[in-house]
Amino acid sequence: MRYKISGEIAQQAIVELNPQEWLWAANSSLVGYTRDINWSLRVPGGFEGALKRSFAGEGTSLTYIESRAERQRVLLAANQPGKVIEWDLQTDGPIIATRGAFLAAWGPDIDINVTVAKRAGAAIFGGAGLFLQKISGIGKVLVHGSGDFFQHNLGAGEELTVSTGNLAAFAASVDYNIRGVGGCRKMLFSGEGLFMTHLQGPGRVLLQTLKRTLATRTTTAG
């Protein structure tokens, strides 16, 4: 399977598939496809997975895309300005994606699930919610970030503080928590609210320069 990321203001991914090749994509991300592509709505993890995904704000299902012929193409996009970047599960480990960051995934062994934020404070005040989407296994994941990406590989024990809403995705090995901004002036006039997101390595972190508009994706029937 081959793919190409193109575009400037609102990037998209063109994925080329051969017979029996398949991928998972976020709902409403399917822009167009060639003749011998089949797609359907499926629920990773069955009823329990659907319930968790609904709490995560990602909709109960994903779009499952497969090819019936050689060199079929699918065009995927997130329907808002931003960039698309690859995450290699073998190199970077399992990924935790915040709401709206997951675009697509494929590989010989892909598990798409929903995990619970480890810390109660992060779940309530971290901006990403209690439930986060986790993709693990062997394969590739395409992540969408609003605006531009800033990536950072945190070393063991290295810390990074992030404005709420600017965190797109991070390695499952990264500890995700919150930290108070401190001081009444900061809380009242900085525009950051009471808390910021605190990350501690090791692992890869993807930040988005624009805070994501958390509009619920529309599920397309087909």
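For the structure itself, look to the data block above.
Along each chain, numbering runs from 1 in the same order as the chain's sequence is written. In keeping with the predicted nature of the model, local features appear solely for residues at pLDDT of at least 70, side-chain atom pairs appear and are counted solely at 80 or more, and the whole-chain, interface and lining totals rest on all residues. Side-chain metrics in this entry use all non-hydrogen atoms of the structure; hydrogen atoms and water are not considered.

Participant: Please explain the overall build of the protein chain as it appears in this structure.
Facilitator: Helix and strand labels come from DSSP, where a helix needs a run of H or I of at least four residues and a strand needs a run of E of at least two; each type is numbered from the N terminus. Helix and strand counts for the protein chain come out as four helices and 17 strands. Buried residues are those whose accessible area, probed at 1.4 Å on protein chains only, stays under 20% of the maximum for their type, while exposed residues exceed 50% and partly exposed ones sit between those limits. Residue burial in the protein chain is summarised as follows: out of 222 residues, 45% are buried. Summed over all atoms, the accessible surface of the protein chain reaches about 10,800 Å², with 54% contributed by carbon and sulfur. Accessible surface is estimated by sampling points in the Shrake-Rupley manner with a 1.4 Å probe; for residues, cover comes only from the protein chains shown.

Participant: Whenever I open this one, unusual backbone geometry confuses me. Can you help?
Facilitator: Negative phi is the rule for most residues except glycine; trans is the rule for most peptide bonds. Going from Gly-201 to Pro-202, the amide bond is cis rather than trans, its omega being 25°. Along the polypeptide, Pro-202 turns up in the loop between β16 (195–200) and β17 (203–208). Within the chain, Gln-20 stands out as a residue other than glycine whose phi angle is a positive 75°. Tracing the chain through its elements places Gln-20 in the loop between β2 (12–17) and β3 (22–25). In this structure, Asn-79 takes a positive phi of about 65° despite not being glycine. With respect to the secondary-structure elements, Asn-79 resides in the loop between β7 (72–77) and β8 (82–88).

Participant: Explain the pattern of salt bridges here, please?
Facilitator: If charged atoms from side chains of opposite charge come close, those side chains can pair. We define a salt bridge as a contact between a side-chain nitrogen of Lys or Arg and a carboxyl oxygen of Asp or Glu at a distance within 4 Å. One pass over the structure, following the stated rule, counts seven salt bridges. Here Arg-71 ties to Glu-16 by a salt bridge, and the two come within 3.7 Å at their closest N and O atoms. Taken together, the residues span a long stretch of sequence, with Arg-71 in the loop between β6 (62–67) and β7 and Glu-16 in strand β2 at a distance of 55 residues. Given the relative accessible area of 16%, Glu-16 is considered buried. Between Asp-88 and Lys-140 there is a salt bridge, with its nearest N and O atoms 2.9 Å apart. With Asp-88 in strand β8 and Lys-140 in strand β11 (residues 131–146), this residue pair connects regions lying 52 residues apart in the sequence. With a relative accessible area of 14%, Asp-88 lands in the buried category. Residue classification places Lys-140 among the partly exposed residues on the basis of a relative accessible area of 27%. Bridged by salt links that share partners, the residues Arg-2, Glu-16 and Arg-71 form one connected network.

Participant: How do you make sense of the nonpolar core when you look at a structure like this?
Facilitator: Generally speaking, nonpolar side chains in soluble globular proteins are found buried as a group. By nonpolar core we mean a set of buried residues, namely Ala, Val, Leu, Ile, Met, Phe, Trp, Tyr and Cys, connected to one another through side-chain atoms within 4.5 Å. By size, the foremost hydrophobic cluster in this structure holds 34 residues, and its most contacted members are Phe-102, Ile-135, Val-141, Val-143 and Val-205. The dominant element in this core, judged by the number of residues it contributes, is strand β14 (residues 167–171), at five residues. Here, two residues are considered to be in contact whenever any of their heavy atoms come within 4.5 Å of each other. Sequence-distant contacts of Val-205, that is, excluding residues within four places in its chain, are made with Phe-150, Gln-151, His-152, Leu-154, Leu-160, Leu-167, Ala-169, Phe-170, Val-174 and Leu-199. If you look at the next biggest cluster of nonpolar residues, it comprises 14 residues, including Leu-17, Ile-65, Val-74 and Leu-76.

Participant: Hey, could you run me through the packing of aromatic side chains in this one?
Facilitator: What characterises a pair of aromatic rings is the spacing of the ring centres plus the angle enclosed by the ring planes. Under the pairing criterion, centres of Phe, Tyr and Trp rings, with the six-membered ring standing for Trp, must be within 6.5 Å; the plane angle then separates stacked pairs below 30 degrees from edge-to-face pairs above 60, leaving the rest tilted. Using the criterion set out here, one finds four aromatic pairs in the structure. A centroid spacing of 5.5 Å and a plane angle of 65° characterise the contact between Tyr-3 and Trp-106, whose relative ring orientation is edge-to-face. On the criterion of sequence distance, the pair formed by Tyr-3 in strand β1 (residues 2–6) and Trp-106 in strand β10 (residues 102–116) is long-range, its members being 103 residues apart. Take Trp-106: its relative accessible area is 7%, and that puts it in the buried class. A ring pair is formed by Trp-24 and Tyr-64, whose centres lie 5.1 Å apart and whose planes are at 65°; its orientation type is edge-to-face. Of this pair, Trp-24 sits in strand β3 while Tyr-64 sits in strand β6; the two residues are 40 residues apart in sequence, bridging distant segments of the chain. Both residues of the pair, Trp-24 and Tyr-64, count as buried.

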